[in-house]
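Report on the structure
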Amino acid sequence: MSKIKFRFFRTKVKEMVYGFEGCSVTYVLGLWDTEKHVSELMQYTGLKDKNYIDIFKGDIAKREFDIWKTEYAYDGSPLGDECIEEGYFIGVVSQTPSGLYVLNKCRKYDAEGNFVKKCSGIKLFAHRCEVIGNIYEHPHLLEVAQ
């Protein structure tokens, strides 16, 4: 079972506040309620990225991908593999109603870093993912560099 952790982003002073590990949900929500006009609440997903960094909802993550094609002989034995596409997605960590963590507001890039297209609902594979920021401190990471 993963630990319940929260963090706040205080919008007025532009400050991320950590340290709510092990606190009861009632305590954290009560604290947040007293200053919700100036803060944004983010909950820990229970996942860590490939660098063992905690992933929170609202984080911006870069997820690598590759697509492989395997050639087969007539007898069914594999002849070899070929990577036909590789690159990465950058998007916001979100949760679907079914509980699946995905990247939304995504941008797809090829292996050279060229923008390919916008997309959404890309499954979050934590072991292929790297947290590169969050939507409050680093919104520019979601912009397409051209």
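See the structure above.
Residues numbered from 1 in each chain as written. Predicted model: local features only at pLDDT ≥ 70, side-chain atom pairs only at ≥ 80, totals over all residues. Heavy atoms only, no water.

What follows is about the overall build of the protein chain. Along the protein chain, the regular secondary structure elements total one helix and 10 strands. Ordered by position in the sequence, the α and β elements of the protein chain form the string β-β-α-β-β-β-β-β-β-β-β. Residues classed as buried in the protein chain amount to 33% of the 146 residues present. A fraction of 50% describes how many contacts in the protein chain between residues 6 or more apart in sequence connect residues 24 or more apart. Of the accessible surface of the protein chain, which amounts to about 9,100 Å², a share of 52% is contributed by carbon and sulfur atoms. (Helix = DSSP H or I, 4+ residues; strand = E, 2+ residues; numbered from the N terminus. Buried < 20%, exposed > 50% of the residue type's maximum accessible area, 1.4 Å probe, protein only. Contact = heavy atoms within 4.5 Å. Areas by Shrake-Rupley, 256 points an atom, 1.4 Å probe, with all protein chains shown as cover.)

Close approach of charged atoms allows side chains of opposite charge to pair. Applying the stated rule across the entire model yields six salt bridges. For Asp-59, the salt bridge is made with Arg-7, and the minimal N-O distance between the two is 2.4 Å. One end of the pair, Asp-59, is in strand β5 (residues 59–72); the other, Arg-7, is in strand β1 (residues 6–10), with 52 residues separating them in the sequence. For Asp-59, a relative accessible area of 1% gives the class buried. For Asp-54, the salt bridge is made with Lys-48, and the minimal N-O distance between the two is 2.4 Å. (Salt bridge = Lys/Arg side-chain N within 4 Å of Asp/Glu carboxyl O.)

Spatial strand order, β2-β1-β3-β4: four strands in an open sheet with antiparallel pairing. Where the open sheet ends on each side, the last strands, each with one partner, are β2 (15–17) and β4 (54–56). Pairs of neighbouring strands in the sheet enclose a mean axial angle of 35 degrees, with direction left out of account. As judged from the two bridges shared by strand β3 (residues 39–48) and β4, these two strands associate in the antiparallel manner. Pairing of Tyr-44 across the sheet is with Phe-56, part of β4. (Pairing = 2+ DSSP bridges. Axes fitted to C-alpha atoms, helices over the stretch in contact; angles between N-to-C directions.)

What follows covers unusual backbone geometry. Even without being glycine, Tyr-52 reaches a positive phi, approximately 65 degrees. Mapped onto the secondary structure, Tyr-52 falls in the loop between β3 and β4. Positive phi outside glycine occurs at Lys-105, with the angle close to 50 degrees. Locating Lys-105 in the fold gives a position in strand β7 (residues 101–110).

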